[in-house]
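# Descriptive analysis of the structure
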Amino acid sequence: MQFRDLKAQYKHLERDILAGLRDVMEDGSFILGKQVDELEQKLAEYVGTRYCVACANGTDALQLVLMAWGIGRGERVAIYLDKRFETVVASFGAPAAGAVFVPVNPLLKAEQVAFIAQDCNVQVLVTSPERLALLAPVLAACPDLRHVVLTERSALPPALPPGVAAHAWEALLAGPAAPGHRVVDTDLCAILYTSGTTGRPKGVVLSHRNMVAGAKSVATYLENGPEDTLLAALPLS
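A brief report on the enclosed structure follows. Please read these numbers as outputs of a predicted model, since none were measured by experiment.

## Comments concerning the overall build of the protein chain
Along the protein chain, the regular secondary structure elements total seven helices and seven strands. Residues counted as buried form 37% of the 237 residues belonging to the protein chain. Considering only contacts in the protein chain between residues 6 or more positions apart, those separated by 24 or more positions represent 63%. Here the protein chain displays about 13900 Å² of accessible surface, and carbon together with sulfur accounts for 59% of that area.

Dropping the structure here:
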């Protein structure tokens, strides 16, 4: 579905829900049975579409920021977060800019995260102020790191190594969209690291073609459709 189609669906659902609530209020009747089901269904679609639109907007904005920072085609953007809105946006925004996203298991310790950042030459790290406080002492071991994006503003952010700048997430999403680097299906899209329980974490490289083929394969054997809601019980990394 194109971004403009999402926006149109969002406005359509918003009008339907407001009209339904207005009708109930005007005639003074109780919301019963079928009315409840219909409004709940429309509300669920509305919230889901609103979330998708927000993700699309965030992806476009992050893509612009990475380009403005001079992040080149194939360079690494690490994401050290739990499952949240910013995790999803960064996971789409980095490849959209032609960069490579590196999801880092949120259960890993600071030393393991630093090893991954050093091993794959991470230039941008997306994390939270709480996680950065734990990482700050080991970030000096990551010579390629240039930018740290924080999901919330921090009253007293920890000191970062020379040459590393901290940025607030909300400030990055204020700009307009811009096209990313041109990529082809064989270009690198993601690097997924093992848990490192039996040694150092090891990276598995995936191309854009790998990601699309994997998504199609899973959706096919699970028979997923547009109306399905999926629950991710495991970390997104």
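Picking up after the structure, the text goes on.
## A few points about the nonpolar core
Judged by nonpolar contacts, the single largest core of 26 residues is most densely connected at Val102, Val104, Ile116, Leu125 and Leu145. Elements represented by at least two residues in this core include exactly β1 (76–80), β2 (100–103), α4 (110–119), β3 (122–127), α5 (129–135), β4 (147–150) and β6 (188–193). The leading source of residues in this core is α4, at six residues.

## Observations concerning the pairing of β1
Most of β1 sits inside the fold, with four of its five residues counted as buried. Judged from the four bridges that link them, β1 and β2 form a sheet pairing that is parallel. Note on β2: the bridge partner recorded for Ile79 is Pro103. Handedness of the β-α-β unit built from β1, helix α3 (residues 85–96) and β2 comes out right-handed.

## Some words on the packing of aromatic side chains
Going through the model one piece at a time under the given rule, you end up with zero aromatic pairs. A cation sits over an aromatic face here: Arg131 above Tyr80, 4.8 Å from the ring centre.

Criteria and thresholds
- Residues numbered from 1 in each chain as written.
- Predicted model: local features only at pLDDT ≥ 70, side-chain atom pairs only at ≥ 80, totals over all residues.
- Heavy atoms only, no water.
- Helix = DSSP H or I, 4+ residues; strand = E, 2+ residues; numbered from the N terminus.
- Buried < 20%, exposed > 50% of the residue type's maximum accessible area, 1.4 Å probe, protein only.
- Contact = heavy atoms within 4.5 Å.
- Areas by Shrake-Rupley, 256 points an atom, 1.4 Å probe, with all protein chains shown as cover.
- Core = buried A, V, L, I, M, F, W, Y, C linked by side-chain atoms within 4.5 Å.
- Pairing = 2+ DSSP bridges.
- Right-handed = clockwise from strand over helix to strand, strands pointing away.
- Phe/Tyr/Trp six-rings, centres within 6.5 Å; stacked < 30°, edge-to-face > 60°.
- Lys NZ or Arg CZ within 6 Å of the ring centre and 35° of its normal.

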